[in-house]
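Residue strings, one per chain:
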Amino acid sequence: MSTKQNTLPIPSTHQIIKDLYPICRSITGDGLRATLEYVQKYIGIEITEVLSGTAVFDWTVPDEWNIRDGFICNDKGDRIVDFRESNLHVVNYSEPIRGSFSLDELRPHLHTIPDQPDAIPYVTSYYKQTWGFCLSHNLLKSLEDGQYTVEIDSSLEPGSLSYGELLVPGKTDQEILVSCHCCHPSLANDNLSGIAVAMHLARHLSNQENRFSYRFIFAPGTIGAIAWLAENEDVLPQIAGGLTLANLGDSGHFNYKRSRQHDSLIDNVVSLALNDSGHRYGIRNFSPYGYDERQYCSPGIDLPVGSFTRSIHGTFSEYHTSRDNLDFVNQESLKESFALLQRVVDILEHNSVFENLNPKCEPQLGKRGLYSTTGGFAATPDYSIALLWVLNYSDGTQSLMDISVRSGIAFDTIVQAANRLRDARLIEEKTDWLAGENEV
Ligand code: ZN
């Protein structure tokens, strides 16, 4: 897989969400494909099709679902529930149906949210064949007894599941994985926001030289990540860390869920980036519930992959309803999320481990022009203290990030100090500090 240099101007994150919002996506089908083709246009992903029926670990890729139309008509012929108005109106993966039903016959197939009477719920039934409609509770309450004409013009046939992938090669083959699910239909925060921010991050990384290689995966939730993992086991040893991205456009504060490994490189980098950001944030331990980190962190895979979001799935009332719409996400939050991830990349790219070449007592910094010989410590800026921290803790085991956390001195100042000390030949970079790091 190679990166195609892509110079087509990329729309803003908010515009990407707007462009993709109307498409009816699912875990397979033409809506998913159209979404991946859109992503491909701007960042050059490779799209893989996994045939229906393919065994992927304990799962089987299902038949492909496509939908053209769906409605409930009253006896006057008015479409009272119409897929063309909102693709949330039809249960995702509904089998085709056509017939006339009384309201009582219809009820078991109608889904509403009684405590959010204006909202349409997002309901799926991927693995149990059924059909149904989602509507506002207010509309359901207004329906009168009588006969209703129902049609879902969908198909469930052997086809394939699509996922998209981009590798941005760096100086080493050690990889950082960035994964987002792209199977939800017209829902903006969960997870068009993740797709939009990931696209911008991919473009940003493609425009600079990186030490790490970065692998982006755009796959339908659960089955897509499982399919990718099943087809790419040979790549897994190269993955040094990763993030699943979702819910990055709402106005809630940042939330990071640690990987199952708890204090891996990515866990520490994200903690530091959040801590330095000045934003409100929460960090919680791994749990096997959430987005595709569940698959990446399953015990037989056990990649250090955390979950980076603003609001947490299932905890905001707009979640999986028609209220997770274009008004629920804002450009300011999207920009902030992108900036925070840029910072994560910056830390990853500049972190390193050094060894003190003059470890017996402090070297004399003054004669090397590194240190003010007149002022006392109280008057010296962080930078001078940073020199001492880097010298003391550069024993070949502590990274610059560790030293920043331990000293409370900003990471950038620690990096600056380390660069000066390296130039003065007082410390030397450990080239093998990343397990299995290989120059390519
Ligand atoms: Zn979701």
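Residues numbered from 1 in each chain as written. Predicted model: local features only at pLDDT ≥ 70, side-chain atom pairs only at ≥ 80, totals over all residues. Heavy atoms only, no water.

Student: Looking at this model, I keep getting lost on the pattern of salt bridges. Mind explaining?
Tutor: Two side chains bearing opposite charge may form a pair once their charged atoms approach each other closely. With the rule as written, the count across this model stands at 19 salt bridges. Asp-412 is the partner of Arg-343 in a salt bridge, and the nearest nitrogen-oxygen pair spans 3.2 Å. Placement of Arg-343 in helix H9 (residues 331-350) and of Asp-412 in helix H12 (residues 411-423) is noted, with a sequence separation of 69 residues between them. With a shortest N-O distance of 3.9 Å, Lys-430 and Glu-355 are connected by a salt bridge. A residue pair is termed long-range when its members are at least 10 positions apart, and Lys-430 in the segment after strand E19 (427-429) and Glu-355 in strand E17 (residues 353-356) qualify at 75 residues. Overall, Glu-355 belongs to the partly exposed group, its relative accessible area being 33%. Three or more residues are tied together by salt bridges with common partners; here these are Asp-30, Arg-33, Glu-49 and Glu-64. (Salt bridge = Lys/Arg side-chain N within 4 Å of Asp/Glu carboxyl O. Helix = DSSP H or I, 4+ residues; strand = E, 2+ residues; numbered from the N terminus. Buried < 20%, exposed > 50% of the residue type's maximum accessible area, 1.4 Å probe, protein only.)

Student: Before we go on, may I ask you to explain the packing of helix H10 (residues 382-393) against helix H11 (residues 400-407) in this structure?
Tutor: Closest axis-to-axis distance for the H10/H11 pair is 10 Å, and the angle between their directions is 125°. Taken together, the axes of H10 and H11 are oblique relative to one another. The hand of the H10/H11 crossing is right-handed. Contact with H10, carried on its side by Trp-389, Val-390 and Tyr-393, involves Ile-403, Arg-406 and Ser-407 of H11 and no other residues of that element. (Axes fitted to C-alpha atoms, helices over the stretch in contact; angles between N-to-C directions. Parallel < 35°, antiparallel > 145°, perpendicular 65-115°, else oblique. Left-handed = near helix turned anticlockwise from the far one by under 90°. Contact = heavy atoms within 4.5 Å.)

Student: Looking at this structure, how should I read the domain arrangement of the chain?
Tutor: Many descriptions give the size of an interface as the accessible area lost when the pieces come together. Splitting the chain by domain gives domain 1 (13-62 + 160-349), domain 2 (65-157) and domain 3 (353-429). Each of domain 1 and domain 2 has a C-alpha centre, and these two points are 31 Å apart. Taken together, the 24 residues of domain 1 in the interface contact 17 residues of domain 2. Contact between domain 1 and domain 2 buries roughly 1500 Å² in total, counting both sides, with carbon and sulfur atoms accounting for 54%. When the buried area of domain 1 at its contact with domain 2 is split by residue, Cys-24, Ile-27 and Ser-322 rank highest and sum to 28% of it. Inspection of the domain 1/domain 2 interface yields zero salt bridges. When its residues are assigned to classes, the side of domain 1 that touches domain 2 shows 11 nonpolar, 10 polar and three charged. (Domains from an automatic or database assignment. Buried area = accessible area lost by both parts, 1.4 Å probe. Nonpolar A, V, L, I, M, F, W, Y, C, P; charged D, E, K, R; others polar.)

Student: Just to check I follow, could you spell out the nonpolar core for this structure?
Tutor: Generally speaking, a soluble globular protein has its nonpolar side chains buried in company with each other. Counting residues in each nonpolar core, the largest one holds 79 residues, and the members touching the most others are Phe-216, Phe-218 and Phe-308. Here the element with the most residues in this core is helix H5 (residues 188-206); it accounts for 10 residues. Shared between two domains, this core takes at least three residues from each, and those domains are domain 1 (13-62 + 160-349) and domain 3 (353-429). Residues Ile-72, Leu-177, Ile-226 and Val-305 belong to the second largest nonpolar core, which totals 52 residues. (Core = buried A, V, L, I, M, F, W, Y, C linked by side-chain atoms within 4.5 Å.)

Student: So what exactly am I meant to see when it comes to the sheet that holds strand E9 (residues 147-157) here?
Tutor: Sheet architecture is open: four strands sit in the order E5-E4-E9-E6, paired in antiparallel fashion. This sheet does not close on itself; its edge strands, each paired only once, are strand E5 (79-82) and strand E6 (97-102). Put simply, the sheet's adjacent strands are angled 20° from each other on average, direction ignored. Across nine bridges, strand E4 (residues 64-73) lies against E9 in antiparallel orientation. The residue bridging Asn-66 from the neighbouring strand is Ser-155, located in E9. (Pairing = 2+ DSSP bridges.)

Student: Teacher, can you tell me more about the coordination of the zinc ion here?
Tutor: The reference angle at a metal is 109.5 degrees if four donors form a tetrahedron and 90 or 180 degrees if six donors form an octahedron. Protein coordination at the zinc ion comes from His-184 (NE2), Asp-190 (OD) and His-320 (NE2), with a distance range of 2.0 to 2.1 Å. Counting along the primary sequence, the residues that act as donors to the zinc ion give the motif H-x5-D-x129-H. Residue Asp-190 is found in helix H5, and its partner His-320 is found in the loop between strand E16 (305-309) and H9; the two are separated by 130 residues along the sequence. A relative accessible area of 0% places Asp-190 in the buried class. (Donors = N, O, S within 2.8 Å, 3.2 Å for Na, K, Ca; no water.)

Student: Whenever I open this one, the sheet that holds strand E12 (residues 213-219) confuses me. Can you help?
Tutor: Backbone-to-backbone hydrogen bonds join strands into a sheet, with any given pair of strands oriented parallel or antiparallel. Spatial strand order, E1-E10-E12-E11-E13-E16-E14-E15: eight strands in an open sheet with mixed pairing. Either end of the sheet is taken by a strand with one partner, and the two such strands are strand E1 (46-51) and strand E15 (281-284). Across the sheet, the axes of successive neighbouring strands diverge by a mean angle of 20°, strand direction being ignored. The sheet contact formed by strand E11 (residues 175-181) and strand E13 (residues 239-245) spans five bridges and is parallel. The partner of Val-178 across the bridge, within E13, is Leu-243. Where helix H2 (residues 30-43) meets the sheet, it contacts E1, strand E10 (160-168) and E12, and its direction lies at approximately 15° from that of E10. The sheet contacts of helix H7 (residues 265-277) involve E13, strand E14 (254-257), E15 and E16, and relative to E14 the element is tilted by about 160°.

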